[in-house]
Amino acid sequence: MLDLYFWTTNNGFRARTMVEETGLPYNLHPVALPKKEQLSDDFKKLHIGHKIPVLVDDEGPGGPINIPESPAILRYLAIKTKSPLIPADARTRVEMESWFSYGVSTFCMVVAQYGHFHFRSPEDVPGAKKFFETYARDMYGVINERLAGRDYFVGDQISLADFAHYADVRMYKDSLKPEDYPNIHKWYERISARPAVQRAYEPI
Ligand SMILES: N[C@@H](CCC(=O)N[C@@H](CS)C(=O)NCC(=O)O)C(=O)O
């Protein structure tokens, strides 16, 4: 059985979406970040770095295993289930890895800073707001260009590269609006229509 330790953040939803995509049964364990539940001794046994998401698989390789970090969870589950979310073709797979990395490290971190300075910072820092909005919008431009004439980031079917970006775009959809970027908008609607994605965003 899989156990997903989760909260309603971009990284949490990225992992939950992947678990839903596998169709495997799982238990969902909310870890309420606003109540600092991630700092409990019990949770820190799962992740010394006190961050969600963490996946626990009691049928891991060699026995039960804890997997922190959403990128590792996506890869782990794709490999475990031999999923086509990792393309079989070697060249497409390499391309997928580059866009996966862009999503979970480059794009995600910039958008997180945008979100911090616009919505969560107790201090108003206009210079940081402007800097990260410009930076984030530049990346939306890059992604919009990448998706021109394509349904997905790589190849002709959905891959981990799409899930690398989707949770962040969805998290800020009311401010960095996908509809302002026509190719992102079509892609966003396509991913949002997937039954597994809809299940992943059901309220907890
Ligand atoms: N790179 C990690 C980032 C995980 C992360 O930053 N989690 C945040 C919520 S999105 C968290 O749990 N923060 C609580 C804390 O640091 O105490 C991933 O993709 O899973």
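Let me begin by describing the structure that accompanies this report. (Residues numbered from 1 in each chain as written. Predicted model: local features only at pLDDT ≥ 70, side-chain atom pairs only at ≥ 80, totals over all residues.)

1. Examining the nonpolar core
Formed by 52 residues in total, the largest nonpolar core has its most connected members in Leu160 and Ala161. Residue contributions to this core peak at nine residues, all from helix α4 (residues 90-120). Two domains each put at least three residues into this core: domain 1 (2-83) and domain 2 (90-198). Apart from the residues lying within four places of it in its own chain, the contact partners of alanine 161 are Met96, Trp99, Phe100, Gly103, Phe153 and Val154. (Core = buried A, V, L, I, M, F, W, Y, C linked by C-beta atoms within 7 Å. Buried ≥ 20, exposed ≤ 12 C-beta atoms within 10 Å, placed from the backbone. Helix = DSSP H or I, 4+ residues; strand = E, 2+ residues; numbered from the N terminus. Domains from an automatic or database assignment. Contact = placed C-beta atoms within 7 Å.)

2. Thoughts on helix α3 (residues 70-80)
Those residues of α3 that fall on the buried side of the exposure criterion are Ser70, Ile73, Leu74 and Leu77. All buried residues of α3 lie within an arc of 100° about the axis, which places them on one face of the element. Each element contacted by the buried residues of α3 is listed here: α1 (10-22), β3 (54-57), β4 (65-68), α4 and α6 (160-171). Residue lysine 82 follows α3 closely and has a positive phi angle near 50°. (Arc of directions from axis to C-beta.)

3. So, the sheet that holds β4
The sheet built from four strands is open, its strands ordered β2-β1-β3-β4 with mixed pairing. The outermost strands of the open sheet, each flanked by one partner alone, are β2 (26-30) and β4. The mean angle between the axes of side-by-side strands here comes to 20°, regardless of whether they run parallel or antiparallel. Bridge analysis of strand β1 (residues 2-6) against β2 gives five bridges, and the strand direction is parallel. Counted as the bridge partner of tyrosine 5 is histidine 29 from β2. (Pairing = 2+ DSSP bridges. Axes fitted to C-alpha atoms, helices over the stretch in contact; angles between N-to-C directions.)

That's the geometry; what it means functionally is another story.
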